[in-house]
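For reference, the chains in residue letters:
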Amino acid sequence: MTQQPWGPPRQQQPWGQAPSGWQQPQWPQPGGWPAAPQRHTRPVPAGGYFAPPPPRRGNPLRTLFLVLSGLAAAAVLALVVVGLSTSAGDSAYENEDYQVPPESSSPPPLPEYPTTVEEALDALENNPLYTSTMPVPIRCELPEGNTWEMSDDELDAFLTEQMACLTRAWQPPLTEAGWTEVRPPVTVYRDQVTSACGNLEGEEAVNAFYCPADQAVYFSTLMFDYIPDLSQPRVTELVMAHEYGHNVQARANILVPGSLLQANTDDEEVALEISRRTEVQADCLAGLFLHSTAQSLELTEAELASVDQALFNIGDDVLSGDPDVVGNHGRGASRQLWGGRGYESSDVGVCNTFVAPASEVE
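Rules of the game
Residues numbered from 1 in each chain as written. Predicted model: local features only at pLDDT ≥ 70, side-chain atom pairs only at ≥ 80, totals over all residues. Heavy atoms only, no water. Helix = DSSP H or I, 4+ residues; strand = E, 2+ residues; numbered from the N terminus. Buried < 20%, exposed > 50% of the residue type's maximum accessible area, 1.4 Å probe, protein only. Contact = heavy atoms within 4.5 Å. Areas by Shrake-Rupley, 256 points an atom, 1.4 Å probe, with all protein chains shown as cover. Disulfide = S-S within 2.5 Å. Salt bridge = Lys/Arg side-chain N within 4 Å of Asp/Glu carboxyl O. Phe/Tyr/Trp six-rings, centres within 6.5 Å; stacked < 30°, edge-to-face > 60°. Lys NZ or Arg CZ within 6 Å of the ring centre and 35° of its normal. Expected span 1.5 Å × (residues − 1). Axes fitted to C-alpha atoms, helices over the stretch in contact; angles between N-to-C directions. Parallel < 35°, antiparallel > 145°, perpendicular 65-115°, else oblique. Nonpolar A, V, L, I, M, F, W, Y, C, P; charged D, E, K, R; others polar. Core = buried A, V, L, I, M, F, W, Y, C linked by side-chain atoms within 4.5 Å. Pairing = 2+ DSSP bridges.

1. Observations regarding the overall build of the protein
Piece 1. On a plain count of helices and strands, the protein comes out with 10 helices and five strands.
Piece 2. The 362 residues of the protein split such that 56% are buried.
Piece 3. Excluding contacts between residues fewer than 6 apart, the proportion of contacts in the protein whose partners are at least 24 apart in sequence is 78%.
Piece 4. Just so you have it, the protein exposes about 15,000 Å², and 51% of that area is on carbon and sulfur atoms.

What follows is the structure, encoded as structure tokens:
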């Protein structure tokens, strides 16, 4: 979920079609952005955020896990053989020489946003990030314990360390694409929080979100009470990898162009489709990270099944109970589809949701 800046609506534009001209919108700079519009908030439904899902397809990650397990075993054997001719100090992990920067409360500004619809569409559909590759495997060592049983301080330490892992994993593809990586700070809160994107309290505050105005991630501990899936292993990591995905989008000049297109249409369906494309892309980017760190995190088949189920359960249709809902984050099947695509690959281009058919981003 992102807390997005919001500007005044302009003329209606169909998705993917640029008009002859487009005036630069009145778009305040970070630090002056207002809170997100109501369409980007979700009241907590009766019974919590998640309900039992309807019958669905089988777990797409189960077979993948078995295949990857075999590949991992072969890779380990290969490393043993290669190790005979290399120094003992060589690491099996990628990007080990990279020094992860500390959290930044004064990050560099986001890339300059586009001034025309054509430029915005080009940034979304032809972004250089899509030509980059995620390093595999990446080392990620997280504190021991179940996140849903941790104190606030313990949870903060856990999430902060995961941000370091995410930064190590995403630095190479962002650098390769010509963008600058930034490690976002994490704020753990309960039922109210103030960010540069605005104030949240009550039911609206029960969430995790990324704020582009301060380039920071926020996590409500009340989610553990409302979201049963968060009591399953690795689902917290999925949530934070999704929010970090929004950080990747922001640093790669994807998030703001999408927000601009949303803000400059008075067609609600068009705006919702752009939002869904943005959100399922963050699911896909989260999948890339889990694939990159699967070896060091020692992800199991059961953990991958939990992640796959959680992706389905956070679908707009499941949360609303309406199988035909037109929402802002994507239906369960769509979220599973894109999360699985990310996990199955190391090519960031598989996450280009902005050129996908509408049927894949419902």
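2. Observations concerning the state of the cysteines
Piece 1. Tallying each qualifying case throughout the model produces three disulfides.
Piece 2. Across the disulfide, Cys-140 is cross-linked to Cys-165 (sulfur-sulfur distance 2.2 Å). On the S-S bond that ties Cys-140 to Cys-165, the torsion sits near 90°, and the link is right-handed. Of this pair, Cys-140 sits in the loop between α2 (117–125) and α3 (152–176) while Cys-165 sits in helix α3; the two residues are 25 residues apart in sequence, bridging distant segments of the chain. Each member of the pair Cys-140 and Cys-165 is classed as buried.
Piece 3. One disulfide bridge connects Cys-284 with Cys-351, the sulfur atoms lying 2.0 Å from each other. Between Cys-284 and Cys-351 the disulfide shows an S-S torsion of about -75°. By sign, it is left-handed. Residue Cys-284 is located in helix α7 (residues 268–297), and its partner Cys-351 is located in the segment after α10 (332–343); the two are separated by 67 residues in the primary sequence. There is no split in this pair, since Cys-284 and Cys-351 are both buried.

3. Let's talk about the pattern of salt bridges
Piece 1. Following the criterion strictly, the structure yields eight salt bridges and no others.
Piece 2. A salt bridge links Glu-237 to Arg-234; the nearest nitrogen and oxygen atoms lie 2.9 Å apart.
Piece 3. For Glu-273, the salt bridge identified is with Arg-277, shortest N-O distance 2.7 Å. Placement of both Glu-273 and Arg-277 in helix α7 is noted, with a separation of four residues, approximately one turn of the helix. Across the pair, Arg-277 and Glu-273 agree in class, each one buried.

4. A few points about the packing of aromatic side chains
Piece 1. Summed over all chains, the structure comprises two aromatic pairs.
Piece 2. With a centroid separation of 4.8 Å and 10° between ring planes, the pair formed by Phe-209 and Tyr-218 is classed as stacked. Each member of the pair, Phe-209 together with Tyr-218, is buried.
Piece 3. Seen from the ring of Trp-338, Arg-341 lies directly overhead, with NZ or CZ sitting 4.6 Å from the centre.

5. Some remarks on helix α8 (residues 301–313)
Piece 1. The terminal C-alpha atoms of α8 lie 18 Å apart, and with 13 residues this matches the ideal 18 Å at 1.5 Å per residue to within 8%.
Piece 2. Here α8 lies mainly inside the structure; 10 of its 13 residues are buried.
Piece 3. By the burial criterion, the buried members of α8 are Glu-303, Leu-304, Ala-305, Ser-306, Val-307, Asp-308, Ala-310, Leu-311, Phe-312 and Asn-313.

6. Some words on the packing of α3 against α7
Piece 1. Where α3 meets α7, the axes come as close as 10 Å, and the angle between the chain directions of the two elements is 95°. Of the possible angle classes, the one that applies to α3 and α7 is roughly perpendicular. Residues Gln-162, Cys-165, Leu-166, Ala-169 and Trp-170 of α3 touch α7, and the partners they reach there are Leu-285, Leu-288, Phe-289 and Ser-292.
Piece 2. Grouping the amino acids of the contact of α3 with α7 by side-chain chemistry returns seven nonpolar, two polar and no charged.

7. Comments concerning the nonpolar core
Piece 1. By size, the foremost hydrophobic cluster in this structure holds 74 residues, and its most contacted members are Leu-129, Leu-159, Trp-170, Phe-219 and Phe-289.
Piece 2. With 11 residues, α7 is the largest single contributor of residues to this core.
Piece 3. With sequence-adjacent residues up to four places away left out, Trp-170 is seen in contact with Met-134, Glu-181, Tyr-244, Val-248, Leu-285, Leu-288, Phe-289 and Val-348.
Piece 4. Counting residues in hydrophobic clusters, the runner-up holds 11 residues, among them Met-1, Cys-197, Leu-200 and Ala-205.

8. Brief notes about the pairing of strand β3 (residues 198–201)
Piece 1. The pairing of strand β2 (residues 192–195) with β3 spans four bridges and is antiparallel. Each residue of the ladder has a partner; that of Gln-192, found in β3, is Glu-201.
Piece 2. The antiparallel pairing of β2 with β3 creates a hairpin that spans two residues between the two strands.

9. Overview of the environment of Ile-227
Piece 1. Secondary-structure assignment places Ile-227 in the loop between α4 (223–226) and α5 (235–251).
Piece 2. For Ile-227, a relative accessible area of 9% translates into the label buried.
Piece 3. A sequence separation of 83 residues divides Ile-227 from Ala-310, and the C-alpha atoms of the two residues are 9.6 Å apart.

10. Section: the sheet that holds strand β1 (residues 186–189)
Piece 1. Across the sheet, which stays open at both edges, the three strands sit in the order β1-β5-β4 with mixed pairing between neighbours. Both edges of this open sheet fall to β1 and β4 (208–211), since each of them pairs with a single strand only. The average angle at which neighbouring strand axes cross in this sheet is 20°, direction not considered.
Piece 2. Two elements, β4 and strand β5 (residues 216–220), share four bridges in a ladder whose sense is antiparallel. Of the residues in β5, the one forming a bridge with Ala-208 is Phe-219.
Piece 3. Contacts between α3 and the sheet are confined to β1 and β5, with β1 contributing the most and set at about 155° to the helix.

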